[in-house]
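# Inside the fold
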Amino acid sequence: MYRVFEALDELVAIVEEARGVPMTAGCVVPRGDVLDLLDDVKEAIPSELDNAQDVLDHRDQLVDDAQTNAEQTVSRARAHADATLTESREEADRIVADAKAHADRMVAEATAHAEQLVLDATNEADRRVQDGQREYETVTGRARTEADRMIEAGNASYERSVADGTAEQQRLVSQSEVVQAAHAESARVVDAAHAESDRLRGDCDVYVDTKLAEFEEFLNGTIRSVGRGRQQLRSAGTPDYGQGYGGYGSTEYGSADYGARA
C-alpha cells in the first residue's frame, strides 16, 4: 500500500516538472515513466479493493437477497407467533373451562352440604321440641297428680278436723257447764282446719308454678339454641366443612340438667 502513495507522489512530481506547451495549458511528460508508475500503482493496489469493487458491483443483488431473506424470516416468525398465539388461546380457554367446571362442582357440593345441615338442624329442632313437649306433659302430669294428692290430703285433713270439731262440739254440748267452751273450741278447730286446707292449697299452687317456671326456662333455652344454630347458618356464607353442625346439640338447658333441678 505504501508503494501506491510513493508512485502517486512521483507522478505528481513529473507533472509539476514537465515542460509546458506554448499557448496552451498542457505539458509534455515522459510517457514511459508515467506508464511504469501507473503499472506500479496497479500492482501495489491490494486485492481487497478489487473484492470491495466486486461487492459494490453486486450490492444491489446482495441487498435484494438480504431483503428477501428478511421478509421470509419475518413471515416465518409471524406464522410461528400466530400458531403460538392460537395454541395459547386454546390452552387458556381449556383452563378457564376446567376452572369453571371445578367451581360449579364446588358450589353444588357446598349447596348440598348446606341443605343437609339445614335439614339436620330442622330435624334436631323438631326432636327437641317433641322432647320438650313430652317433658312438659310429664311435668304437668306429675304436678297435677301432686296437686290432686295434696288437695285430697287437705280435704281429708279438713274433714277429719271438722269431724273432730263436730264430735268435740257434741261432746261439749252434752255437758251444760262447758257449752261456751265447746263452741269456742269448735270454732277454733274449724278455723284451724280451714287454715290448714288453705295452706295446703297454697303449697300445691307454689309447687305447680315452680315446676312450670322451670319447664318454661328449659323451653326458652332450647329455642335460643335453635335460633343460634339458624343464625350461624345464615351468617356462615360458604360453609366450613370441618365444623359440621355440632353447635345445635349444645343447649343451654338440657333435659338432664332440668331433671337434676326437678
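Residues numbered from 1 in each chain as written. Predicted model: local features only at pLDDT ≥ 70, side-chain atom pairs only at ≥ 80, totals over all residues. Heavy atoms only, no water.

The protein has the name DivIVA domain-containing protein in an unreviewed UniProt entry, where Speluncibacter jeojiensis is given as its organism.

## Here we look at the nonpolar core
Where we set the bar: We call a set of buried residues a nonpolar core when its members are Ala, Val, Leu, Ile, Met, Phe, Trp, Tyr or Cys and they connect through side-chain atoms within 4.5 Å of each other. Buried, partly exposed and exposed residues are distinguished by accessible area as a fraction of the type maximum, computed with a 1.4 Å probe on protein chains only: under 20%, between the cut-offs, and over 50%, respectively. The numbering of helices and of strands both runs from the N terminus, where a helix is a DSSP run of H or I of at least 4 residues and a strand a run of E of at least 2. Contacts were defined at the residue level, with two residues in contact if any of their heavy atoms lie within 4.5 Å.
In terms of nonpolar packing, the biggest core is built from six residues, these being Ala-7, Leu-11, Ile-14, Val-34, Leu-37 and Val-41. Going through the elements one at a time, helix H1 (2–17) and helix H2 (31–44) are the ones with two or more residues in this core. Sequence-distant contacts of Ala-7, that is, excluding residues within four places in its chain, are made with Leu-37, Asp-40 and Val-41.

## Topic: a negative patch on the surface
In plain terms, the rule: Patch criteria: residues need more than 30% relative accessible area and no salt bridge. Like-charged residues are merged within 9 Å; nonpolar side chains of Val, Leu, Ile, Met, Phe, Trp and Tyr are merged within 5 Å. Per-residue and other accessible areas follow the Shrake-Rupley method at a 1.4 Å probe size, with only the shown protein chains counted as cover for residues. What makes a salt bridge here is a side-chain nitrogen of Lys or Arg within 4 Å of a carboxyl oxygen of Asp or Glu, nothing more. A residue counts as positive if it is Lys or Arg and as negative if it is Asp or Glu; His and the chain ends are not included. Lys charges are placed at NZ, Arg charges at CZ, Asp charges at CG and Glu charges at CD.
A contiguous patch of negative charge on the surface is contributed by Asp-33, Asp-36, Asp-39 and Glu-43. Residue Glu-43 is classed as exposed on the basis of its relative accessible area of 67%.

## Structural notes on the pattern of salt bridges
Under the defined criterion, the tally for this structure stands at ten salt bridges. For Glu-124, the salt bridge identified is with Arg-128, shortest N-O distance 3.1 Å. Taken together, the residues span about one helical turn, with Glu-124 and Arg-128 both in helix H4 (residues 59–173) at a distance of four residues. Per residue, the accessibility class of Glu-124 equals that of Arg-128, and both read buried.

## Here's the deal with the confidence of the model for the protein
The line we're drawing: In predicted models, pLDDT denotes the confidence assigned by the predictor to each residue on a 0 to 100 scale.
Overall, the predicted model of the protein reaches an average pLDDT of 77, with 80% of residues at or above 70. Between the elements of the protein, mean pLDDT differs from a low of 41, seen in helix H6 (residues 255–261), to a high of 85, seen in H4. Confidence over residues 240–262 falls short of pLDDT 50; this stretch has 40 contacts with residues more than four positions distant or in other chains.

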